[in-house]
Amino acid sequence: MELRFGDFRLDPVDGLRRGARELHVTPKSLSVLYVLANRGGAVVTKDELIRAVWRDVARRSDTSLANAA
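Residues numbered from 1 in each chain as written. Predicted model: local features only at pLDDT ≥ 70, side-chain atom pairs only at ≥ 80, totals over all residues. Heavy atoms only, no water.

**Quick look at the overall build of the chain**
Here's step 1: Of regular secondary structure, the chain possesses three helices and four strands.
Here's step 2: Helices and strands appear in the chain in the N-to-C order β-β-β-β-α-α-α.
Here's step 3: For the chain, the residues scored as buried account for 26% of the 69 residues in total.
Here's step 4: Here the chain has roughly 5000 Å² of accessible surface; of this, 51% comes from carbon and sulfur atoms. (Helix = DSSP H or I, 4+ residues; strand = E, 2+ residues; numbered from the N terminus. Buried < 20%, exposed > 50% of the residue type's maximum accessible area, 1.4 Å probe, protein only. Areas by Shrake-Rupley, 256 points an atom, 1.4 Å probe, with all protein chains shown as cover.)

In structure tokens, the structure reads:
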């Protein structure tokens, strides 16, 4: 599902665009951005974010968040 905010369009598959221009964002960073943007300014806990973005990783840690980019 595409999200729009300001001049930006964010799609979890197609990436991030500002107008017609595609912006380079790493896959994990795109996932983090999508989770946060999808919550509309609501607080997202560290545990929720880790579960949403690193659900396929056996061992999750705080380092995962720091190394998302």
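**Quick look at the pairing of strand β3 (residues 15–18)**
Here's step 1: As paired elements, strand β2 (residues 8–11) and β3 share four bridges and run antiparallel to each other. Looking at the pairing, Asp-11 lines up with Gly-15 of β3.
Here's step 2: Here β2 folds back onto β3 in antiparallel fashion, the turn holding three residues.
Here's step 3: As judged from the three bridges shared by β3 and strand β4 (residues 21–23), these two strands associate in the antiparallel manner. Among the inter-strand pairings, Leu-16 is bridged to a residue of β4, identified as Leu-23. (Pairing = 2+ DSSP bridges.)

**A look at helix α2 (residues 46–53)**
Here's step 1: Within α2, the full set of buried residues consists of Leu-49, Ile-50 and Val-53. The buried residues of α2 occupy an angular sector of 100° when projected down its axis, which confines them to one face. (Arc of directions from axis to C-beta.)

**A short note on the nonpolar core**
Here's step 1: The biggest cluster of nonpolar side chains holds seven residues, and these are Val-32, Val-35, Val-44, Leu-49, Ile-50, Val-53 and Trp-54.
Here's step 2: Listed by contribution, the elements that provide at least two residues to this core are α1 (27–38) and α2.
Here's step 3: Ranked by residue count, the leading element in this core is α2, at three residues.
Here's step 4: Those residues in contact with Val-35, other than ones at most four positions away along the chain, are Val-44, Leu-49, Ala-52 and Val-53.
Here's step 5: Ranked by size, the runner-up nonpolar core spans six residues in total, among them Leu-3, Leu-16, Leu-23 and Tyr-34. (Core = buried A, V, L, I, M, F, W, Y, C linked by side-chain atoms within 4.5 Å. Contact = heavy atoms within 4.5 Å.)

**A look at the pattern of salt bridges**
Here's step 1: All chains considered together, the criterion is met by four salt bridges.
Here's step 2: Glu-2 is paired through a salt bridge with Arg-4; the nearest N and O atoms lie 3.1 Å apart.
Here's step 3: Given a relative accessible area of 35%, Glu-2 falls into the partly exposed group.
Here's step 4: Exposure remark for Arg-4: the relative accessible area of 60% places this residue in the exposed category.
Here's step 5: Arg-17 is the partner of Glu-22 in a salt bridge, and the nearest nitrogen-oxygen pair spans 3.8 Å. (Salt bridge = Lys/Arg side-chain N within 4 Å of Asp/Glu carboxyl O.)

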